[in-house]
Amino acid sequence: MRFNLRRFGLIGTLAMVTALVVAACGGGGDPTAEPGAPQPQAPLPTATAAPTATLETAATAGPAPTAKPTPVPRVTLAPPAPTATPVGVQIKRGGILTVRLLIPFEPWDTYNLRSQFSTEFTLNFWSNLMALRTEEPSVIEPDLVERWEVGVDGKTITLHLTPGTEWHDGTPFTAQDVVFNLNRAKNPASALLAAQTGRMKRLQTFEAIDDATVRLTLDQVSVSFLVNLSAPFMLMYPAHIVTESKDIIKNPIGTGPFVVTNYKSDQTISTVAYENYHRKDSEGRALPFVDGIDFIFIRDNSTALAACRTGRIDCGCGY
């Protein structure tokens, strides 16, 4: 027997259309009901009137009680966890690192500099209050300040200095040094020192509470102020040595990881590790790990590449 597929498809289509028509016309009703008989309708829900407030109720209720504001405690910003040494990395102490510098470095005072190169270079010798983490630039971590607190109003900041920090000449680093440097940034003695004034424009007052505590007051809440305070442009210079910028290069005393032992403007800078450096690594080990850094000024790239190949310099070949 041979099927006519075209005819079979037409019949199936008609059957489907018929089923849909039946469903639309109430095919889901009582199958025992007489044809044409009216179907019972479900009762409509009875609406319930909403309660109406009266003038008497409003008059006798009295004013709503005023809630007392919950006092906001002073916020203590816990320093972030230090970055751990990567698994499998073996740290080896000792040795002199030799680095190429592209240009002679004259102005060591970052308060009159805008060059990123200059600030990164001087971080070897001077420290900041707080530091921006290298691998996470948005994270602020302790340096010369071990912790800081922000008041309830968001405009008062209290800095607690890292205990035992000293300048390279053995003089203690104190709150008076912080006030000295903030004053240099806020009230520059000359136009040359005005580079940091804009960064400190929110700073209204600053005072030493004691030798280890400094209180800052802002004129308004600023989310960028601590970042500006942590920028490498805002290094701390010794109040007992610096009167003007030239004093810094004449006697480069800092609190950084390296001490300058020899400086020739257009030739070399020799340094040794500072044995009392206040920062440690994530496992509590003293920093820095190398014995010193020698900086060599090489202008020509081909000369620098040859120096790298012969082992005269260790890094900086591509500047």
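Here's a quick rundown of the structure. Just so it is clear, the model here is predicted, and its values are computed rather than measured.

**Brief notes about the overall build of the protein**
Logical step 1: A tally of regular secondary structure across the protein gives 7 helices and 11 strands.
Logical step 2: Looking at the protein as a whole, 34% of its 319 residues qualify as buried.
Logical step 3: Once local pairs closer than 6 in sequence are excluded, the contacts in the protein between residues at least 24 apart make up 65%.
Logical step 4: Here the protein displays about 19800 Å² of accessible surface, and carbon together with sulfur accounts for 59% of that area.

**A closer look at the packing of aromatic side chains**
Logical step 1: All told, the structure shown has 4 aromatic pairs when counted by the stated rule.
Logical step 2: Aromatic pair Trp126 and Tyr237: ring centres 5.2 Å apart, planes at 55 degrees, arrangement tilted. Of this pair, Trp126 sits in the loop between α3 (116–122) and β3 (130–132) while Tyr237 is found in the loop between α5 (225–230) and α6 (245–250), placing the two residues 111 residues apart along the sequence. Each member of the pair, Trp126 together with Tyr237, is buried.
Logical step 3: Pairwise contacts between aromatic rings join Phe125, Trp126, Tyr237 and Phe295 into one cluster.

**Considerations on the sheet that holds strand β11 (residues 292–297)**
Logical step 1: Spatially, the 4 strands line up as an open sheet ordered β2-β11-β10-β9, and their pairing is mixed. Two strands bound the open sheet, and with one partner strand each, they are β2 (96–101) and β9 (258–263). The sheet shows a mean angle of 20 degrees between the axes of neighbouring strands, taken without regard to direction.
Logical step 2: Pairing between β9 and strand β10 (residues 268–273): 5 bridges, direction antiparallel. Residue Asn262 lies in a different strand from β10, and its bridge partner there is Ser270.

**Some thoughts on the pairing of strand β5 (residues 145–150)**
It is a general feature of regular strands that their side chains alternate between the two faces of the sheet.
Logical step 1: Note: β5 against strand β6 (residues 156–161), 5 bridges, orientation antiparallel. Its bridge partner lying in β6, Trp148 is registered against Leu159.

**Section: the nonpolar core**
Logical step 1: Core analysis: the biggest nonpolar cluster contains 46 residues, and Phe125, Leu129, Met130, Leu159, Leu182, Leu216 and Leu229 have the highest contact counts within it.
Logical step 2: Broken down by element, the residue count for this core peaks at 4 residues, all from helix α4 (residues 175–186).
Logical step 3: In contact with Leu216, not counting residues within four places along its chain, are Lys155, Thr156, Ile157, Leu159, Leu182, Leu203, Thr205, Phe206, Phe225 and Leu229.
Logical step 4: Within the second largest apolar cluster, 5 residues are counted, among which are Ile296, Ile298, Ala304 and Ile313.

**A few points about the pairing of β10**
Logical step 1: Linking two consecutive strands that pair antiparallel, namely β9 and β10, is a turn of 4 residues.
Logical step 2: Relative to β11, β10 is paired through 3 bridges, and the arrangement is antiparallel. If you follow Thr268 over to β11, its bridge partner there is Ile296.

**Considering the side chain of Asp247**
Logical step 1: With respect to the element layout, Asp247 can be found in helix α6.
Logical step 2: Buried Asp247, no salt bridge; nearest opposite-charge side chain is Lys250, N-O distance 4.1 Å.

**Details of the side chain of Asp281**
Logical step 1: Note on placement: Asp281 falls in the loop between β10 and β11.
Logical step 2: Since its relative accessible area comes to 14%, Asp281 is described here as buried.
Logical step 3: At a separation of 2.6 Å, a polar atom in the side chain of Asp281 contacts the main-chain amide nitrogen of Arg285.

**A look at the pattern of salt bridges**
Logical step 1: Counting across every chain of the model gives 8 salt bridges.
Logical step 2: Between Arg279 and Glu141 there is a salt bridge, and its shortest N-O distance comes to 3.1 Å. Of this pair, Arg279 sits in the loop between β10 and β11 while Glu141 sits in strand β4 (residues 140–142), and the two are 138 residues apart along the sequence.
Logical step 3: Residue Arg279 is classed as partly exposed on the basis of its relative accessible area of 22%.

**With respect to α4**
Logical step 1: Counted at 1.5 Å a residue, the expected span for α4 with its 12 residues is 16 Å, and the 16 Å between its end C-alpha atoms agrees.
Logical step 2: Among the residues of α4, Ala175, Asp177, Val178, Asn181, Leu182, Arg184 and Ala185 are the ones counted as buried.
Logical step 3: Each element contacted by the buried residues of α4 is listed here: β6, β7 (203–210), β8 (213–218), α5 and α6.

**Focus on the environment of Pro252**
Logical step 1: If you trace the backbone, Pro252 turns up in the loop between α6 and β9.
Logical step 2: Given a relative accessible area of 15%, Pro252 falls into the buried group.
Logical step 3: Sequence separation of Pro252 and Trp108 is 144 residues, and the distance between their C-alpha atoms is 8.4 Å.
Logical step 4: Residue contacts for Pro252: discarding those within four places in its chain leaves Trp108, Trp126, His168 and Val260.

**As for unusual backbone geometry**
Backbone phi values are negative for most residues with the exception of glycine, while trans is the configuration of most peptide bonds.
Logical step 1: Along the chain, Leu287 connects to Pro288 via a cis peptide bond; the corresponding omega equals -5 degrees.
Logical step 2: Here Pro288 lies in the loop between β10 and β11.

Cut-off values and rules
Residues numbered from 1 in each chain as written. Predicted model: local features only at pLDDT ≥ 70, side-chain atom pairs only at ≥ 80, totals over all residues. Heavy atoms only, no water. Helix = DSSP H or I, 4+ residues; strand = E, 2+ residues; numbered from the N terminus. Buried < 20%, exposed > 50% of the residue type's maximum accessible area, 1.4 Å probe, protein only. Contact = heavy atoms within 4.5 Å. Areas by Shrake-Rupley, 256 points an atom, 1.4 Å probe, with all protein chains shown as cover. Phe/Tyr/Trp six-rings, centres within 6.5 Å; stacked < 30°, edge-to-face > 60°. Pairing = 2+ DSSP bridges. Axes fitted to C-alpha atoms, helices over the stretch in contact; angles between N-to-C directions. Core = buried A, V, L, I, M, F, W, Y, C linked by side-chain atoms within 4.5 Å. Lys, Arg positive; Asp, Glu negative; His and termini not counted. Salt bridge = Lys/Arg side-chain N within 4 Å of Asp/Glu carboxyl O. Polar contact = N/O pair within 3.5 Å; in protein donor to acceptor, adjacent residues only side chain to side chain. Expected span 1.5 Å × (residues − 1).

Take it as geometry only, folks, not as evidence of what the structure does.
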